[in-house]
Amino acid sequence: MEIPYEVTPRRDTGLYNAKLGVWLFLASEVMLFGGLFSAYVFLRLGVQEGVDNPWPWGVSVHKDFVWLGAINTIVLIASSVGVVFAWVALKERNWRRYQIYMYSVVACAVIFMCIKSVEYYSKLTQHHGIKLVDNSVMEGKILDKTDRIRFSGEKLTFSLQGAVPAAIRDFDGENFPKFKVTEGPEELVGAEISSMSQFKSWFSDGRRLVTNQLTEERRRFRGEMAAGTENPKPVSVVSSVTLTAAEPFGVTGNPRKIMAHSESAINYRDGVKVEGKLVSDEVQFEVHEVDLQLVLPTKQRESVVWSVINDEPAKKQFFDAQHKKYEELLEYYKDHGGVIPESQLRGRFLNVQYVHVAAEGHEGGHGKEDKHADVHTSETNPTAGGGEHEGAHGPSRILSVPRDQIKFMGNHGPRYGTYYAIYFTMTALHGLHVVGGALVLLFFVVFGKKLYLKNPEHLANRVEVGGLFWHFVDLIWIFLFPIMYLL
Amino acid sequence: MADASHDMTKTKKSYAAVGIALLVFTVVTVTIGLAPIFDFGPPGPDGMDFVLGLAVATVKASLVALIFMHLNHEKGLIYKILLFTVLFALGLMILTMFADIDPILEQFETLQTTRGWLTEKP
């Protein structure tokens, strides 16, 4: 069946239908992204200075990846140009050229997504931050899995009414510890467990037992109520069990799954309790940057961060860099009223500085290297990250940060702050649009030949409409790039 | 047909020109973010950078919309749709301003000051 107005325009609208359709769709897309841009403005303007986490500067968040972002912008622009040229090629009835342009557009989309995933990977696994108890922040890298709580367990207590305890996945070593059931429902006490599969089948049996007992109890209770017994015994079933290990077993607990822990016990979020002895509770951290925006200027020298870093040259490096920038500000404001505004004094320009803690035997790594100052005072590569400094000034010393000094720590994922939340939301949604658009365009070139031979104008219209969406995706990125990476 | 192909040559030229302009503007955007020559405000990232960066982004966006998306010669119906889109998008931005007259937040701020929750004034 022929669908009307796919090639020729309708008289009343002056458009072929697909075009009207795609513009309506784009209007709804503007609403979708408009809401998110509005959220961005809201979050950014809503930051209360000195109270909330400060809004980070895009350049210092992305460091080396500012260039990747710029490359991504260029890639998307190139692909947009590619789409219009593909359309022109169709208009000129040149199938070969159309194919070349279209495939390069899809290639651009693939490159874009690859660069994006490199960036995401780095944020999620290579960059971390630790906020200490006095709100000073260290940016750097938590060494692999050192944020885990190391524990030597003896007893495991959990409920048989819930899911399989998450804790058993945190046990160290190949072998499942040998357990004996010491407390719990009478039927279960005394059982021995020595492997994961055994544990699982024992657990499901136990759960069935408890469920049956509970049904039984409820029936009894209802019966007594119906019989008019005064004060019937309330429903009560033992569902909690304690397993005691033959010998202590190692636990490496993921802090995200743990609600609280002490010298003698870990409480998991799913209600499981492991009793035993704490082995190690320190996080191994490589510091690249110290952020004192949330510490009052008068208290910065006594900040907790310096006792954690415990390195005089590093501290001096921070305050030297800060002083240099302070002079710079003073110079600027001499011509502009003479008073440095408080927001500047508390802002990131003065209070976030690169810090290198040299490993033993590598003194002399301190000095004037300070990437933030570089941005505005010299012509050197302003986005040089920690890695480059490491190469130039020897390895960093790994700090052991005691957990009781830590208020918050994490990778630069969405939960690290509102900036990261909106960054991941918007770029990921944009990424999905890139994937979707690329798939549609790929369809037009892979399966387009038949339609091209039948009615090339129809295919040209399809490409135009697909292109409109593609340009829209490009347009979103044109705004996303500066607001997320640069400003 | 000859006329049409002549038209296409012109179109192609304008597309190429816009493509190059977009690349140039991308470089400008990066420079605004990083280089000192575009630093009109105080040292460090500031509001001026933001205004400039967004201005350049708007120019880029309008180039894409006008030339690539053919909005420089489109039918009236599409402009009507877009008019409403723009109005609603502006509405979305303005909605956030209601936060400034949020009675709950006001209460909270009063409490902060009267009960001294904010002991360290920033």
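Check the entry above for the structure.
So, a few notes on the structure that sits alongside this text. Since we're looking at a predicted model, the values are computed, not measured.

Reading guide: rules and limits
- The residue numbers shown here count from 1 along each chain, following its written sequence.
- Whichever chain is written first is A, and whichever ligand is written first is 1; the rest continue in order.
- Restriction of local features to residues with pLDDT of at least 70 applies here, the model being predicted, together with a cutoff of 80 or more for giving and counting side-chain atom pairs; totals for whole chains, interfaces and linings are based on all residues.
- Hydrogen atoms and water are omitted, and side-chain values are computed over all heavy atoms in the structure.
- Criterion used throughout: strands pair if DSSP finds at least two bridges between them.
- Only DSSP runs of H or I reaching four residues or more are called helices, and only runs of E reaching two or more are called strands; each is numbered from the N terminus.
- Here the axes come from fitting lines to C-alpha atoms, over the contacting stretch only for helices, and the angles between their N-to-C directions go from 0 to 180 degrees.
- An angle below 35 degrees is treated as roughly parallel, one above 145 as roughly antiparallel, one from 65 to 115 as roughly perpendicular, and anything else as oblique.
- Left-handed describes a crossing in which the near helix is turned anticlockwise from the far one by less than a right angle; the clockwise case is right-handed.
- For this classification, the nonpolar set comprises Ala, Val, Leu, Ile, Met, Phe, Trp, Tyr, Cys and Pro, the charged set comprises Asp, Glu, Lys and Arg, and every other residue, Gly included, is treated as polar.
- A helix is expected to span 1.5 Å multiplied by its residue count minus one.
- Per-residue accessibility, obtained with a 1.4 Å probe over protein chains only, is compared with the maximum for each type, and a residue is labelled buried under 20%, exposed over 50%, and partly exposed between these values.
- Here a polar contact means two N or O atoms within 3.5 Å. Within protein one must be a hydrogen donor candidate and the other an acceptor candidate, and residues neighboring in sequence count only if both atoms are side-chain atoms.
- Here is the rule: rings of Phe, Tyr and Trp (six-membered ring for Trp) pair when centre to centre is within 6.5 Å. Planes less than 30 degrees apart are stacked, more than 60 are edge-to-face, and the remainder are tilted.
- Grouping into patches uses exposed residues only, defined as over 30% relative accessible area, and leaves out salt-bridged ones; the cut-off is 9 Å for like charges and 5 Å for nonpolar side chains (Val, Leu, Ile, Met, Phe, Trp, Tyr).
- Accessibility throughout is a Shrake-Rupley quantity obtained with a 1.4 Å probe, and a residue counts as covered only by protein chains that appear here.
- Should a side-chain nitrogen of Lys or Arg be within 4 Å of a carboxyl oxygen of Asp or Glu, the pair is scored as a salt bridge.
- Only buried Ala, Val, Leu, Ile, Met, Phe, Trp, Tyr and Cys residues count toward a nonpolar core, and they belong to the same one when joined by side-chain atoms within 4.5 Å.
- Only heavy atoms enter the contact rule, under which two residues are in contact if any of them lie within 4.5 Å.

With respect to the sheet that holds strand E8 (residues 265-268) of chain A
Residue and element names in this part refer to chain A.
At step 1: In space, the seven strands of this open sheet follow the order E5-E4-E6-E3-E9-E8-E7, with antiparallel pairing throughout. Both outer strands of the open sheet, strand E5 (192-193) and strand E7 (258-261), are each paired with one neighbouring strand and no more.
At step 2: Where strand E3 (residues 149-159) lies against strand E9 (residues 273-280), seven bridges are found, and the strand directions are antiparallel. When the bridges of E9 are listed, Thr-157 appears paired with Lys-273.

Things to note about the packing of helix H4 (residues 95-125) of chain A against helix H12 (residues 418-446) of chain A
Residues and elements named next belong to chain A.
At step 1: Contact pair H4 / H12: the axes reach a minimum separation of 10 Å and the direction vectors enclose 155°. As the angle between them shows, H4 and H12 are arranged roughly antiparallel. Viewed along their axes, H4 and H12 form a crossing whose handedness is left-handed.
At step 2: Across the contact of H4 with H12, the residue classes break down as 22 nonpolar, four polar and three charged.

Details of helix H7 (residues 312-334) of chain A
Residue and element names in this part refer to chain A.
At step 1: In this model, H7 (23 residues) spans 32 Å end to end at C-alpha, consistent with the 33 Å of a helix rising 1.5 Å per residue.
At step 2: Within the sequence span of H7, burial applies to Ala-314, Lys-315, Gln-317, Phe-318, Phe-319, Ala-321, Gln-322, Lys-325, Glu-328, Leu-329, Tyr-332 and Tyr-333.
At step 3: The backbone nitrogen of Ala-314 lies 3.1 Å from a side-chain oxygen of the residue at the head of H7, namely Asp-311.

Side note on the packing of aromatic side chains
All names here are of chain A.
At step 1: Here the structure, examined in full by the defined rule, presents 38 aromatic pairs over all chains.
At step 2: Arranged with centres 6.1 Å apart and planes meeting at 65°, the rings of Phe-33 and Phe-472 form a pair that is edge-to-face. Here Phe-472 lies in helix H14 (residues 456-486) and Phe-33 lies in helix H1 (residues 17-45), a separation of 439 residues in the sequence.
At step 3: Assessed through its relative accessible area of 1%, Phe-33 is described here as buried.

A word on the pairing of E9 of chain A
Residues and elements named next belong to chain A.
At step 1: Pairing geometry for E8 and E9, over three bridges, is antiparallel. The residue bridging Ile-266 from the neighbouring strand is Val-274, located in E9.
At step 2: Connecting the antiparallel pair E8 and E9 is a turn made up of four residues, with Gly-271 showing a positive phi of about 95°.

Section: a nonpolar patch on the surface
At step 1: Residues Val-41 and Leu-45 of chain A together with Val-86, Leu-90, Met-93, Ile-94 and Met-97 of chain B make up a contiguous nonpolar surface patch of about 650 Å² in total accessible area.
At step 2: Breaking the nonpolar patch down by element, the ones donating at least two residues are H1 of chain A together with helix H3 (76-95) of chain B.
At step 3: Per-element accounting of the nonpolar patch gives the leading share, four residues, to H3 of chain B.
At step 4: If you trace the backbone, Leu-90 of chain B turns up in helix H3.

Observations regarding the nonpolar core
At step 1: Membership of the largest hydrophobic core comes to 90 residues, with the highest contact counts inside it found for Trp-23, Tyr-98, Trp-470 and Met-484 of chain A together with Phe-68 and Met-69 of chain B.
At step 2: Top contributing element to this core by residue count: H14 of chain A, with 19 residues.
At step 3: Aside from chain neighbours lying at most four places away, what touches Met-484 of chain A is Tyr-40, Gly-58, His-62, Tyr-419, Ile-422, Tyr-423 and Met-426 of chain A.
At step 4: Listed in part, the 28 residues of the second largest apolar core include Phe-158, Ile-168, Val-210 and Ile-266 of chain A.

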